[in-house]
Amino acid sequence: MSENNINKDYSCMDDYDPNSILPDEALKRIFNTISATTETESIPIREALGRVLALNITSEINVPSGRNSAMDGYAINAADIPTEGTHTLKIIGSSFAGKPSEIKLKKGGCIRIMTGAILPDGSDTVVMQELVEVSGDQISIGIDTKPGSNVREAGEDLGIGDLVLEKGMKLTPADIGLLASLGLAEVDVYRKLRVAFFSTGDELRSVGEQLDNGAIYDSNRYTLYGMLSRLGVDIIDMGVVKDDQKLMDKAFLDATGNSDILITSGGVSVGEADYVKETLLKHGEVDFWKVAMKPGRPLTFGKLESTYFFGLPGNPVSVMVTFYQFVQPALKKMAGERSPTPVMIKVPCVSSLKKRPGRVEYQRGILEHDKNGRMVVRKTGAQGSGILRSMADANCFIVLPLENNGVKPEDLVDVQLFHGLV
Ligand code: AMP
Ligand code: MG
């Protein structure tokens, strides 16, 4: 038993396994092994949505570039705002967005101004047009406007030298807009990762094929395809590989060097037809772990030349849980993202949950408001690792720690939102 394994006596009453490591430890080992890519490419900003920024962006200009009006109205000098009653000012010119006034404002005058137009010299305040009475070429203003109001200062969004976006951020639509407002047509991002995957199992049929006796449709390739698509990686779907040593060898060797990460599902237990571990041992370096988690105890992590390998369990829920807990953080780290671990929140659970001590459990839950508007979580129905519906119905994982031995209604539990996982 290594020093990192769970050091605990175990009995048939609980779920402790002395050969297992904790999920946190498994993630730590993965993070210690893989490194972030250093390869970058420069791409047009519109194509950069969801890509990881490869350098800090600092502003070389002021945004907005000049002091301008936040309203349609009249540019005035604050000294002309009356302290009581009204004051009449003569309209001496106009300033439009993109067509500034060339006239300098003098005391007793005002300049018609539109939103986004540069403030004329001599003015420091904009009176909203709704607060003004116009008569011919004169306006009359009251006491309602504060000095300096409705003016946007140069650089108030972004100033010269400001750090605007940080290396390692995944670019959002707002970030793309910021890049455009700095006038940048292209941006440096880390290259896309290439991820290959295949399913293993003689019982698996692809959609469109007939289901003969005992066969099931392969769903793991579809959930994996979906989870990988959301991460924006290049996907190589290698199909179903039968439980056959020769075919397994070929599939592993085909993926090696051709992808950054290879993911398989099934065949990692110790059954007679479980070839994944043996094949990996033959061709690469392997860490085979039993992770103290439910679902998803067996997990194989290793390396084949420059390709990292994740051998996920076969059960459909186990695939999704182990993908979100280990493969996704690994991919995010490898892609150059800064903070790859998702956030957890604590809320009352309104269901009772069965659990034995000894494994961290990722039960599937629905986070919602109860009838008093309180945020609570309840479990989806049956929680078996083959019941994919429990994932489809859920919007979060209820994460129950190792020692937990069941949850009573109103106990506080940790919840990991699916929303935060993608
Ligand atoms: P295994 O780890 O290969 O023994 O698989 C564990 C369970 O998951 C078995 O019941 C398999 O039939 C099922 N399973 C394995 N791969 C898939 C798949 N791609 N889609 C759906 N179920 C699967
Ligand atoms: Mg199998």
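The paragraphs below set out a description of the structure included in this document. (Residues numbered from 1 in each chain as written. Chains lettered and ligands numbered in written order. Predicted model: local features only at pLDDT ≥ 70, side-chain atom pairs only at ≥ 80, totals over all residues. Heavy atoms only, no water.)

### What to know about the site of ligand 1
- In the vicinity of ligand 1, 16 residues are found, and the nearest of them are Glu203, Asp218, Ser219, Asn220 and Gly267.
- With respect to ligand 1, the side chain of Asp218 contributes an N or O atom lying 2.7 Å from a nitrogen atom.
- Within the backbone of Gly267, a nitrogen or oxygen atom sits 2.8 Å from an oxygen atom of ligand 1.
- Within the complex, the protein chains bury 77% of what would otherwise be the 490 Å² of accessible surface of ligand 1.
- Among the secondary structure elements, those contributing two or more residues to the shell around ligand 1 are β14 (194–200) and β16 (216–217).
- Here the shell around ligand 1 is composed, by residue class, of four nonpolar, 10 polar and two charged. (Near = heavy atom within 4 Å. Polar contact = N/O pair within 3.5 Å; in protein donor to acceptor, adjacent residues only side chain to side chain. Areas by Shrake-Rupley, 256 points an atom, 1.4 Å probe, with all protein chains shown as cover. Helix = DSSP H or I, 4+ residues; strand = E, 2+ residues; numbered from the N terminus. Nonpolar A, V, L, I, M, F, W, Y, C, P; charged D, E, K, R; others polar.)

### Details of the sheet that holds strand β10 (residues 138–141)
- Taking strand neighbours across the sheet as the criterion, the six strands line up as β8-β5-β7-β6-β10-β9 in an open arrangement whose pairing is mixed. Since the sheet does not close on itself, it has two edges, and those belong to β8 (125–128) and β9 (132–135), each with one partner. Neighbouring strand axes in the sheet, compared pairwise and without regard to direction, differ in orientation by 40 degrees on average.
- In terms of strand pairing, strand β6 (residues 87–95) meets β10 through four bridges, oriented antiparallel. From the neighbouring strand, Leu89 faces β10, where its bridge partner is Ile139. (Pairing = 2+ DSSP bridges. Axes fitted to C-alpha atoms, helices over the stretch in contact; angles between N-to-C directions.)

### What about the pattern of salt bridges?
- Within the structure shown, the criterion is met by 27 salt bridges.
- The shortest N-O distance in the salt bridge between Asp260 and Arg191 comes to 2.8 Å. On the criterion of sequence distance, the pair formed by Asp260 in the loop between α4 (245–255) and β18 (261–265) and Arg191 in the loop between β13 (186–190) and β14 is long-range, its members being 69 residues apart.
- We classify Asp260 as buried; its relative accessible area is 11%.
- Note that Asp212 is salt-bridged to Arg205, the shortest N-O span being 2.9 Å.
- Connected through salt bridges with shared partners, the residues Asp15, Arg356 and Arg359 form a single ionic network. (Salt bridge = Lys/Arg side-chain N within 4 Å of Asp/Glu carboxyl O. Buried < 20%, exposed > 50% of the residue type's maximum accessible area, 1.4 Å probe, protein only.)

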